[in-house]
Amino acid sequence: MKHILITGAASGIGAASARLFHTRGWRVGLLDVGAEPLAALATELGGAWHQALDVTDGEALNQALAAFCGEGGTLDVLFNCAGVLRFGFFEEIALEEHARILQINVFGLLQAIHAAFPYLKAARGQVINMGSASGLYGTPHMVSYSASKFAVRGLTEALELEWRRHGIRVGDLMPPFVATPMVDSQRFTPPTLRRLGVKLCAEDVAEAAWQQVRAPRVHRIIHWLFKLMYWSGQLSPPATNRAVMGWLSRD
């Protein structure tokens, strides 16, 4: 039986992915800071292994990996879904909240990957990071979140090359706006969201995660517009993507 450990598993993309992999015969491990919804999901999935923790707590992550991987000491897939988001004007968001976004979205992900390394190496496993289309070009009104996803993109690209020697695949998913509690709870609506709308649900991204396991890519971009932006960024000057983002985010 294959094993997948999912951070941020209690809701949204993490929960949808847990349900999908569970129905397809995988042993699923669930990590999230929200103890009650995490326990409810674990019960729904027939008593799936779970532990409530903060991904910025390195010692808790080390203990969780050891507990989930058990005597076999292997992990087939680590799916880093834990993350936070805040829409708004940069100067109106407290510095502490900007720092929290980076701490969870970047450092938390980094710690999870670091803790999982020996188990991934033993299985010649795979890391899937939750990226974002906002990691293609800096996105107004979500500045720190966009910066965090640029970091995830760079980490993914670098580690994908570095960990080839261990047989570990590393990639990320890069969707635009997804209908999740994290997005739905925002009080500020960026112009980009008004113009693009929310075309994806959590289950769409979960299916992309399943496809990533079956056919790994460094970047799996989930929307035709952002695929266009990605490839234009590879083939033309960055000014092209800047112009598109400027048009999408205009008042």
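Now for a description of the structure that goes with this document. For clarity, every value in this text was computed on a predicted model and none was experimentally measured. (Residues numbered from 1 in each chain as written. Predicted model: local features only at pLDDT ≥ 70, side-chain atom pairs only at ≥ 80, totals over all residues. Heavy atoms only, no water.)

**A short note on the pattern of salt bridges**
For the structure on display, the rule yields six salt bridges. Note that E44 and R19 form a salt bridge whose closest N and O atoms lie 2.7 Å from each other. Here the residue E44 occupies a position in helix α2 (residues 35–44), and R19 occupies one in helix α1 (residues 12–23), the gap between them amounting to 25 residues. Looking at E44, the relative accessible area reads 47%, which means it is partly exposed. On the accessibility criterion, R19 (34% relative accessible area) is partly exposed. Of the charged contacts in the structure, one is a salt bridge between R164 and E160, with a shortest N-O distance of 3.3 Å. With a relative accessible area of 54%, R164 lands in the exposed category. (Salt bridge = Lys/Arg side-chain N within 4 Å of Asp/Glu carboxyl O. Helix = DSSP H or I, 4+ residues; strand = E, 2+ residues; numbered from the N terminus. Buried < 20%, exposed > 50% of the residue type's maximum accessible area, 1.4 Å probe, protein only.)

**As for unusual backbone geometry**
Across residues other than glycine, the phi torsion is negative in most instances, and most of the peptide bonds are trans. Although it is not a glycine, R124 sits at a positive phi angle of roughly 50°. The residue R124 is located in the loop between α4 (95–123) and β5 (126–130) in this model. R124 gets classed as exposed once you look at its relative accessible area, which sits at 59%. A positive phi is found at H141, a non-glycine position, where the angle reads about 70°.

**As for the sheet that holds strand β4 (residues 77–80)**
Read across the sheet, seven strands follow the order β3-β2-β1-β4-β5-β6-β9 without closing on themselves; strand pairing throughout is parallel. The sheet terminates laterally at β3 (49–52) and β9 (219–221), the two strands that pair on one side only. Ignoring strand direction, the axes of neighbouring strands in this sheet form an average angle of 15°. Sheet analysis places strand β1 (residues 3–7) next to β4, joined by four bridges and oriented parallel. The residue of β4 that forms the bridge with I6 is F79. Lying over the sheet, helix α5 (residues 143–162) contacts β5, β6 (169–174) and β9, oriented at roughly 155° with respect to β6. (Pairing = 2+ DSSP bridges. Axes fitted to C-alpha atoms, helices over the stretch in contact; angles between N-to-C directions. Contact = heavy atoms within 4.5 Å.)

**A few points about the environment of V170**
With respect to the helices, strands and loops of the structure, V170 is situated in strand β6. Residue V170 is classed as buried on the basis of its relative accessible area, which comes to 4%. Along the chain, V170 and A158 lie twelve residues apart, while their C-alpha atoms are 9.1 Å from each other. Sequence-distant contacts of V170, that is, excluding residues within four places in its chain, are made with V127, N129, T156, L159, E160, W163, R217 and V218.

**Examining empty space enclosed by the protein**
Inspection of every chain in the model, using the stated rule, returns two cavities of 30 Å³ or more. Computed from the structure, the largest cavity encloses a volume of approximately 40 Å³. Every residue lining the largest cavity is listed: R86, G88, F90, I93, H98, I101, H141, M142, V143, S144 and Y145. Those elements giving two or more residues to the lining of the largest cavity turn out to be α4 and α5. Of the residues forming the lining of the largest cavity, the biggest block, three residues, is contributed by α5. Classifying every residue of the lining of the largest cavity gives six nonpolar, four polar and one charged. (1 Å grid on protein atoms, 1.4 Å probe; cavity = no way out; pocket = protein on both sides within 12 Å on 5 of 7 lines; lining within 4 Å. Points joined across faces, edges and corners; volume = space filled by probe spheres on them. Nonpolar A, V, L, I, M, F, W, Y, C, P; charged D, E, K, R; others polar.)

**A word on the pairing of β1**
Burial runs high along β1: five of the five residues are buried. As paired elements, β1 and strand β2 (residues 27–32) share five bridges and run parallel to each other. Residue pairing in the sheet places L5 in a bridge with G29 of β2. Following the chain from β1 across α1 to the adjacent parallel β2, one finds a crossover that is right-handed. (Right-handed = clockwise from strand over helix to strand, strands pointing away.)

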